[in-house]
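# Residue-level structure breakdown
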Amino acid sequence: MPASGVEGVLSSRLPGLAGEIDRGNLVPRGFLEELAAAGAFEARGPGELFGLVRLASRWSPAVGHVILVDGVAKLGLRMLGFDPPRGSLLAIGVTEPGGGSDVRGNLETRAEEAGGEARVYGRKAFMSNGLYATHYLVLARGPGGETLYLAEAGEGVSLEPVELSAMRGAGVANAVFNGARAVRVGAPGRGLREALEVLNYGRAGYAAVGLGIADGALEAALSWASQRAVFGRRLLDYQGVRWMLAEVRAEALAVEALLERLAGTAEASGAVDPEGAAAVKLLAARLAQRAAWVAVQLMGGRGLERWSRVERLQRDARALDIGEGAREVLLDFIASRLERSHAAGRL
C-alpha cells in the first residue's frame, strides 16, 4: 500500500491514541496491525521513512520511533545485501547492560555458527521495538569477531519491558538471548563498523522525530496563543510571543533542509554522511526541546498538566540527547573531524 495509506492511519488514529500509548507504555497490538496493513513496516528509502516518522512524532514520538527503528534496520539489511523477512517488524540490539557509548568495550553477546545457522547468547539493554519485533538485528562476537546477526523472536528470547519517563510506548525492552536462532547477515569481524553505518540512519532519523515534536509543539502553541486573551489582547498579538514562535520555525526550516539533503545523498550513495547525521541529530534535539518548552511556557499551568500533549512532547524531546549516540559523544566526534580537517588544510 502506498505511503498515503500510512499517513491516513497516522493522521486519523494517532491523535486519539497517543495519550493511551504514553500512559500504558505500549502501542496496542491492533494499532500495530493497522500500521502493518497500511505498509508502515515495508522497506523504504530514507526520505520516505523520515517523512512518516516526522508525521507520527507530531503526536507520538514513540510511534515515530517504532517506525524509525524498523525502517533503519531494514535499510541496514539492504545495505548488507540481505532481504528483510516478509511481514517482519525489526528491532536493533547493540547496547549491552554495561553501557551504550563504548560498544566494543561492553560487547559480551556471542554467537555460535554451525550448518549455515547461528545461535545467539547474551543480553541486550534498552532495545527499542523489543516488545513488538519479529526479528532482532543483533551485534555479537562470532567465530570471525564482531558480526551482525538476524535473530528470530520466540524460543530462546526472553524480554523485560523497561519503564522510561520518555518515549513511552516505543517497545523498549531488556532482552536475554539463550540460544536464539539466527542467521549471519554481516561480514565476520566487521560487525561494529556495519552497526555504526546502520546507526547513522538512525541518527538522521532522530532529526525527523525532533522535527515532528517541533511541529506538534508549534501546532499546540499556535492554537492556544490564537485563542487565549491576556490583558485584552490575544496572546499571539504580543511581539515577544510571535518572535518566540518565529525563531522555532526558522530553526525547523534549517534542520529540515539539512535532513532532506542527507536523505537525498543517502538514497544516491547508499550511505549516510556520519558527520551530517551527528550534526542534524544535535540540532534537531535542541530544536525539539526549545519548541516543546515554548509551548509549555505559553500554555502556563496547562502546559505542565500530566499526560497532556505538550507535556508528553517535552519529556520525549529530552530523550533525543541520549538515544542513537549521547550528545557529548557526538560533539566529540564532530570536533575530531574538525581537527583532522584543519590539520589537513581543508578548513
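First, a word on scope: everything that follows refers to the structure included in this document. (Residues numbered from 1 in each chain as written. Predicted model: local features only at pLDDT ≥ 70, side-chain atom pairs only at ≥ 80, totals over all residues. Heavy atoms only, no water.)

### Re the overall build of the protein chain
- When you go through the protein chain residue by residue, the secondary structure sums to 10 helices and nine strands.
- At 21 Å, the protein chain has a C-alpha radius of gyration in line with the 20 Å of a compact globule built from 347 residues.
- For the C-alpha atoms alone, the extent of the protein chain along its principal axes is close to 75 × 55 × 40 Å.
- Counting across all 347 residues of the protein chain, residues that qualify as buried make up 51%.
- As presented, the protein chain carries roughly 15300 Å² of accessible surface, and 51% of it is formed by carbon and sulfur atoms.
- Within the protein chain, the 40 negative side-chain charges are centred at a point lying 4 Å from the centre of the 40 positive side-chain charges. (Helix = DSSP H or I, 4+ residues; strand = E, 2+ residues; numbered from the N terminus. Rg over C-alpha atoms; globule rule 2.2 N^0.38 Å. Buried < 20%, exposed > 50% of the residue type's maximum accessible area, 1.4 Å probe, protein only. Areas by Shrake-Rupley, 256 points an atom, 1.4 Å probe, with all protein chains shown as cover. Lys, Arg positive; Asp, Glu negative; His and termini not counted. Charge placed at Lys NZ, Arg CZ, Asp CG, Glu CD.)

### Overview of the side chain of arginine 315
- Examined against the element boundaries, arginine 315 turns out to sit in helix H9 (residues 309–319).
- Setting aside residues up to four positions removed in sequence, arginine 315 forms contacts with Asp22, Ser165, Ala166, Arg168, Arg306 and Trp307. (Contact = heavy atoms within 4.5 Å.)

### Some remarks on the packing of helix H4 (residues 61–79) against helix H6 (residues 191–227)
- As a packed pair, H4 and H6 sit with axes 9 Å apart at the nearest point and diverge in direction by 150°. By the angle between their axes, H4 is roughly antiparallel relative to H6. In this structure, the crossing between H4 and H6 has a hand that is right-handed. Together, Pro61, His65, Leu68, Val72, Leu75, Gly76 and Met79 of H4 and Glu194, Glu197, Val198, Tyr201, Gly202, Gly205, Tyr206, Val209 and Ile213 of H6 make up the contact between the two elements.
- For the contact of H4 with H6, the residue count by class is 10 nonpolar, four polar and two charged. (Axes fitted to C-alpha atoms, helices over the stretch in contact; angles between N-to-C directions. Parallel < 35°, antiparallel > 145°, perpendicular 65-115°, else oblique. Left-handed = near helix turned anticlockwise from the far one by under 90°. Nonpolar A, V, L, I, M, F, W, Y, C, P; charged D, E, K, R; others polar.)

### As for the environment of threonine 147
- Relative to the helices and strands, threonine 147 is located in strand S5 (residues 145–152).
- A relative accessible area of 1% means that threonine 147 is categorised as buried.
- Once the C-alpha coordinates of threonine 147 and glycine 232 are considered, the two residues, 85 residues apart in sequence, prove to be 65 Å apart.
- Those residues in contact with threonine 147 that sit more than four places away from it in its chain are Val138, Leu139, Ala140, Gly142, Arg184, Gly186, Ala187, Pro188, Gly189 and Gly191.
- For threonine 147, the side chain forms a polar contact with the main-chain nitrogen of glycine 189, separated by 3.4 Å. (Polar contact = N/O pair within 3.5 Å; in protein donor to acceptor, adjacent residues only side chain to side chain.)

### Let's talk about helix H8 (residues 274–299)
- In this model, H8 (26 residues) spans 38 Å end to end at C-alpha, consistent with the 38 Å of a helix rising 1.5 Å per residue.
- Note on H8: the residue one or two positions beyond its end, glycine 300, has a positive phi of about 60°. (Expected span 1.5 Å × (residues − 1).)

### Some points on the layout of surface pockets
- The calculated volume of the largest pocket comes to roughly 1300 Å³.
- Along the wall of the largest pocket there are 37 residues; nearest its centre are Thr95, Ile322, Gly323, Glu324 and Gly325.
- Among the elements that take part in the lining of the largest pocket, H6 stands out by supplying eight residues, more than any other.
- For the lining of the largest pocket, the per-class residue count stands at 23 nonpolar, nine polar and five charged.
- Estimated volume of the second largest pocket: approximately 270 Å³.
- Along the wall of the second largest pocket there are 17 residues; nearest its centre are Phe41, Lys74, Gly87, Ser88 and Leu89.
- When residues of the lining of the second largest pocket are assigned to their parent elements, the largest contribution, four residues, is made by helix H2 (residues 29–38).
- Partitioning the lining of the second largest pocket into residue classes produces eight nonpolar, four polar and five charged. (1 Å grid on protein atoms, 1.4 Å probe; cavity = no way out; pocket = protein on both sides within 12 Å on 5 of 7 lines; lining within 4 Å. Points joined across faces, edges and corners; volume = space filled by probe spheres on them.)

### Section: empty space enclosed by the protein
- In total, this model carries two cavities of 30 Å³ or more according to the counting rule given.
- Of the volumes computed, that of the largest cavity is approximately 60 Å³.
- As for the largest cavity, its lining consists of Ala18, Ile21, Asp22, Trp59, Ser60, Pro61, Ala62, Arg168, Arg312 and Asp316.
- Looking at the lining of the largest cavity, the elements with two or more residues in it are helix H1 (3–24), H4 and H9.

### Overview of the pattern of salt bridges
- Counting across every chain of the model gives 25 salt bridges.
- One salt bridge in this structure joins aspartate 22 and arginine 315, with 2.7 Å as the shortest N-O distance. Of this pair, aspartate 22 sits in helix H1 while arginine 315 sits in helix H9, and the two are 293 residues apart along the sequence.
- Here arginine 315 ties to glutamate 311 by a salt bridge, and the two come within 2.8 Å at their closest N and O atoms. (Salt bridge = Lys/Arg side-chain N within 4 Å of Asp/Glu carboxyl O.)

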